[in-house]
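# Structure assessment
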Amino acid sequence: MKRRTLLSRSPVRYALAPVAAAVVGACLASAAQAQDKGLTLRPSLRLQEQLPADVRSQTPTFVSGQRIEGHTGESTTVEGEAELRRHDTVIRADRLSFDEGTREAHAEGNVLVNRSGDRFMGPELRLNVDTFKGYFDQPQFELLNNNGRGDAARMDFQDQDHSTAHQARYSTCPRVPGADWMPAWLVRANRIEFDNVEQVGTAYGGALEFKGVPILGAPYFTFPLSDQRKSGLLPPAINLDNLSGLELTLPYYLNLAPNYDLTLFPTLMTKRGIDIGAEFRYLQPDYTGRLRGSFMPSDRLRGEDRWSYTLQHTQALSNALNRLGGSGSSGLSLNLNRVSDDNYWRDFPRASATLTQRLLPSDAVVSWGKGPWSASAGVYTWQTLQDIDTPITPPYDRLPSLGLNYGLSDLNWGGLSGRGAVSVYGEYTRFESDPLLTGQPNGERAMAVATISHRFQTPGWFIEPRARLHSTQYNFDQPLANGQRSASRAVPTVSLDSGLVFERDASYFGRAFLQTLEPRAYFTWTPYRDQSFLPNYDSAATDFNLATIYSDNVFTGNDRISDTRGVTLGVSSRLLDPGTGAEIVRLGIAQRYLLADQDVTLPGGTPVQERFSDVLLAARVQWTPRWLLDTTFQYNPSSNESVRTTVSARYTPGPYRVLSAAWRLQRGASEQFDIGWQWPLSGIFGRSPEAVPGQALGPGQWYGVGRVNYSVPDRKIVDLVAGFEYDAGCWIGRVVLERLQRSAASANQRILFQLEFTGFTRLGSNPLQTLRDNVPRYQYLREEINPPSRFQRYD
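Residues numbered from 1 in each chain as written. Predicted model: local features only at pLDDT ≥ 70, side-chain atom pairs only at ≥ 80, totals over all residues. Heavy atoms only, no water.

Under the defined criterion, the tally for this structure stands at 46 salt bridges. Glu738 is paired through a salt bridge with Arg750; the nearest N and O atoms lie 2.5 Å apart. A residue pair is termed long-range when its members are at least 10 positions apart, and Glu738 in strand 46 (residues 731-741) and Arg750 in strand 47 (residues 747-757) qualify at 12 residues. The exposure class assigned to Glu738 is buried, which follows from its relative accessible area of 4%. By relative accessible area, Arg750 is classed as buried at 11%. Three or more residues joined by partner-sharing salt bridges are found here, namely Arg272, Asp299, Arg302, Arg306, Asp341 and Asp347. (Salt bridge = Lys/Arg side-chain N within 4 Å of Asp/Glu carboxyl O. Helix = DSSP H or I, 4+ residues; strand = E, 2+ residues; numbered from the N terminus. Buried < 20%, exposed > 50% of the residue type's maximum accessible area, 1.4 Å probe, protein only.)

This is the structure we're talking about:
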């Protein structure tokens, strides 16, 4: 029969008794104080991974086995299923000796050591259970944090967090029981040092082998033991680009501090030269930001130096404001983007993080707010990258733009039901650009907008009247066509928004719903004011959709206020899940009727004389979480045809499975098909394995991934990202083709290759960011959801 005993029973028992009494007493006192303060203790379902150092030193040591011999306070020998257990350390062997004086354990025969989830197995071990100093002959080991494993001729333990493996092999590939271990990839080294504090492994005289072939070797290199950051060389990236040739990037990462780091990424381009890039990130309690830049001396493609930089910075100024005697909340925002020349967007299509590659914004804004008051002061500039074949009119810089707003909501007007709101907004802006390109004079604009509204609302209906006065004053550097150097304009607007909400229980296709019917009527009246002589600094037409059709102005900005005098009628209906409130189906239709012609237009536009606008129809159906269908139609009753149509669908049956498709038609302008996918190829012609969130589908699995955007009028692919991923379990292979249209006649293409050794490193290109940016709902095959726990290997 297996016996179990507590080593140094009497001394430990008496030593622990005061400690236990103190702990119990402290807990009871804390509970009493908490009860007096109205607090309650909450239990935790998570076991404690680490004990405090002073508590760990007092934890008892247990031994068990079939035969136990020894003397109290001296030594103990256990044979047959021998086990020594102390907090986070377990030692098992055929024979185990423990010296209580030196605290050293000597284990022989089928030895297994488990410390905090890291496992070591071999024939013989000598180890001090207090300092964890000792050695292990011919061990095999498994590490918890990154699922690493390997073997060595000898393992030396310096302390609880440092060890050295001699003549070692290391990999994250699984070990097959009863077979010689020859993983798909491994690190073979004369010596590997493991540092569990820095979570770094250091190999001396090592080489990385893949399928038995050395592919990377060095007298010294480091690798991660977890996902924690560390300084050092990052894996090289290799791309094949039709514009730049072979691209080789050798990044170096500097973990300067927990709150800021620096990455250097010099890149050799065989057709162009060397591009020197760097990125600095920082994080402080009051501010955070990112600075990125690159410089290519003497680009052989253009025969000149090329450079770019971008800075994003946000900062809270409230503490500094309070120290100066002020109050309220304030902040600073910087967004700076600049490149060396007009061709930069064409030659470096992936360098810009802006939405418009040829318009690079730079702005600096200071904001403040307190109660109903808010203010902002900023400068906004643009760098316009011109193309001779397709020139664009540059937007105006705003140097400066000052704004002040006062707004109150949730007001009670003398006992009226509902709530009212009032706001007054003032702004001064100086607009500057090249008059030869814009055809308009630079100038200044001061404006004030006052709004008052009241919303009457019950669960079944709402009515909201609103009145607005928009007053503007202009001063120009050069006279207008009519000879004036100044102009003013005041435009009043009144509107009335109203709607009803009906609900009923319904059942369709055997499923219960809460169905709504929501008719809506919107009336607006803005008188005509001649604005054709005014320059257009910042106005543009709004997108015509189910949101803007219920608005009083068809233009954005403040240089054009449309004389919209009409009524919008619409109705929507929704099917809601009565249990969760999730929206299953949404249908909507709306149309505007003009009571008079709409004569205010943008420069070059024509007045709107048709009384009935296009009809907007929209439908969104998500009958199950797997399927989503979203459609929008803009129908012209006069021509009896669709002006604009968008149909999109997405199918997501589970992790690593997504299919999306969209068709977008704007009659007379464009027609495009957009298809995206991520799918295991084994599931195309048969049933694929079930996926578990955060885990791939298993080794030996091929995935197809990509996105294609096709232009029907041009009969060509506009943008393309397509490739394959192969998950072998402990390594992943990727090959991706990327094609970006640079102009009507040319495109930039590159091929991305990558080998990812799971938990170790990635070699080749970096297609992951490309896939995340382009493939809708793309999932990384090795996404970690929860950190590993030592209790996963509690044996």
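We are not done yet, so read on.
In this structure, Ile91, Tyr170 and Trp185 are the most contacted members of the largest nonpolar core, which totals 45 residues. Of the residues forming this core, the biggest block, five residues, is contributed by strand 13 (residues 185-195). With near-sequence residues (within four places) excluded, Trp185 lies in contact with Tyr170, Ser171, Thr172, Cys173, Leu208, Glu209, Phe210, Cys730, Trp731, Phe757, Thr758 and Phe760. One finds Val721, Leu771, Tyr778 and Tyr780 within the second-largest nonpolar core, a separate group that totals nine residues. (Core = buried A, V, L, I, M, F, W, Y, C linked by side-chain atoms within 4.5 Å. Contact = heavy atoms within 4.5 Å.)

Bringing the environment of Pro251 into the picture now. Mapped onto the elements of the fold, Pro251 is located in the loop between strand 18 (245-249) and strand 19 (252-257). On the accessibility criterion, Pro251 (10% relative accessible area) is buried. A C-alpha to C-alpha distance of 7.1 Å links Pro251 and Pro235, two positions 16 residues apart in sequence. In contact with Pro251, other than residues within four places in its own chain, are Leu233, Leu234, Pro235, Pro236, Leu264 and Phe265.

Mapped onto the fold, Ser318 is located in helix 3 (residues 318-323). Only 3.1 Å separates the side chain of Ser318 from the backbone nitrogen of Ser330, close enough to count as a polar contact. Leaving out residues up to four positions away in the same chain, Ser318 has contacts with Gly328, Ser329 and Ser330. (Polar contact = N/O pair within 3.5 Å; in protein donor to acceptor, adjacent residues only side chain to side chain.)

In this section: the environment of Gly293. Along the chain, the position of Gly293 falls in strand 23 (residues 287-299). With 13 residues separating them along the chain, Gly293 and Phe280 place their C-alpha atoms 9.1 Å apart. Residue contacts for Gly293: discarding those within four places in its chain leaves Phe265, Ile276, Gly277, Ala278, Ser308 and Tyr309.

Turning our attention to the pairing of strand 11 (residues 154-157). Direction of pairing for strand 8 (residues 134-137) relative to strand 11: antiparallel, over a ladder of four bridges. Counterpart to Phe136 in the pairing with strand 11 is Met155. Two strands pair when backbone bridges link them, and strand 11 and strand 12 (residues 162-171) are joined in this way by four bridges, in the antiparallel orientation. Within the sheet, the bridge partner assigned to Asp156 lies in strand 12 and is Thr164. (Pairing = 2+ DSSP bridges.)

Within the fold, Ile452 resides in strand 30 (residues 443-458). Sequence separation between Ile452 and Val424 is 28 residues, and the spatial gap between their C-alpha atoms is 8.9 Å. Excluding residues that lie within four positions of it along the chain, Ile452 makes contacts with Trp413, Ala421, Val422, Pro465, Arg466 and Ala467.

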